[in-house]
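Residues per chain, in single letters:
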Amino acid sequence: QEELVESGGGLVQAGGTLGLSCAASAIRFDVATVGWYRRAPGEQRELVAQISREGVIHYADSVKGRATITRDNAKSTVSLQMSSLKPEDTAVYYCNVVESYYNGETLSFWGQGTQVTVSS
């Protein structure tokens, strides 16, 4: 059974730091693009950061310079470190893993989400 388990998050003061981690099981991590999304109250889910299977990293403009995403294929984990947190970073953060194959097939998996609240 494929599963993504997120950890980290919680209540953080503005200007602080936080770390999120996501562990995958029964998912082909080595062929996947992995990343983090978030959904703020009343907003649509948006990409925060992702790393492709080739190691190409993309950050949303809103977190550039404040976020660092890393992956460990051996452990099937992806982590997100954020600093200089702002109240607008408050959201539910979701881990996403997308397996992609050369025949064009893709399989997408989502974590259950973890709440991050930044107090001003």
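Refer to the structure presented above.
Residues numbered from 1 in each chain as written. Predicted model: local features only at pLDDT ≥ 70, side-chain atom pairs only at ≥ 80, totals over all residues. Heavy atoms only, no water.

## Some details on the nonpolar core
Where a protein is soluble and globular, its nonpolar side chains tend to be buried together. Within the largest apolar cluster, 30 residues are counted, with the highest numbers of intra-cluster contacts made by Trp36, Leu80 and Tyr93. The set of elements that each furnish at least two residues to this core consists of strand S3 (18-25), strand S4 (32-39), strand S5 (46-51), strand S7 (67-72), strand S8 (77-82), strand S9 (91-100) and strand S11 (114-119). (Core = buried A, V, L, I, M, F, W, Y, C linked by side-chain atoms within 4.5 Å. Buried < 20%, exposed > 50% of the residue type's maximum accessible area, 1.4 Å probe, protein only. Helix = DSSP H or I, 4+ residues; strand = E, 2+ residues; numbered from the N terminus.)

## Remarks on the packing of aromatic side chains
Scanning the entire structure with this criterion turns up one aromatic pair. Ring centres of Tyr37 and Trp110 lie 5.0 Å apart, and the angle between their planes is 65°; on these two criteria the pair is classed as edge-to-face. In this pair, Tyr37 is assigned in strand S4 and Trp110 in strand S10 (residues 106-110), connecting sequence segments 73 residues apart. The exposure class assigned to Trp110 is partly exposed, which follows from its relative accessible area of 35%. Over the ring of Tyr94 we find Arg45, and its NZ or CZ is 5.3 Å from the ring centre. (Phe/Tyr/Trp six-rings, centres within 6.5 Å; stacked < 30°, edge-to-face > 60°. Lys NZ or Arg CZ within 6 Å of the ring centre and 35° of its normal.)

## A few points about the sheet that holds strand S1 (residues 3-8)
What the four strands build is an open sheet, ordered S1-S3-S8-S7; its pairing is antiparallel. Both outer strands of the open sheet, S1 and S7, are each paired with one neighbouring strand and no more. Averaged over all pairs of adjacent strands, the angle between strand axes in this sheet comes to 15°, irrespective of strand direction. As paired strands, S3 and S8 are joined by six bridges and run antiparallel to one another. The partner of Gly19 across the bridge, within S8, is Gln81. (Pairing = 2+ DSSP bridges. Axes fitted to C-alpha atoms, helices over the stretch in contact; angles between N-to-C directions.)

## Observations regarding the environment of Trp110
The spatial distance from the C-alpha of Trp110 to the C-alpha of Ala32 is 13 Å, given a sequence separation of 78 residues. Those residues in contact with Trp110 that sit more than four places away from it in its chain are Leu4, Tyr37, Arg45, Tyr94, Cys95 and Asn96. (Contact = heavy atoms within 4.5 Å.)

## Observations concerning the pattern of salt bridges
Charged atoms that come close allow side chains of opposite charge to pair. Evaluated as defined, the whole model comprises five salt bridges. In this structure, the salt-bridge partner of Asp89 is Arg38, at a minimum N-O distance of 2.9 Å. Of this pair, Asp89 sits in the loop between S8 and S9 while Arg38 is found in strand S4, placing the two residues 51 residues apart along the sequence. Looking at Arg38, the relative accessible area reads 5%, which means it is buried. For the salt bridge of Asp61 with Lys64, the shortest nitrogen-to-oxygen distance reads 3.2 Å. (Salt bridge = Lys/Arg side-chain N within 4 Å of Asp/Glu carboxyl O.)

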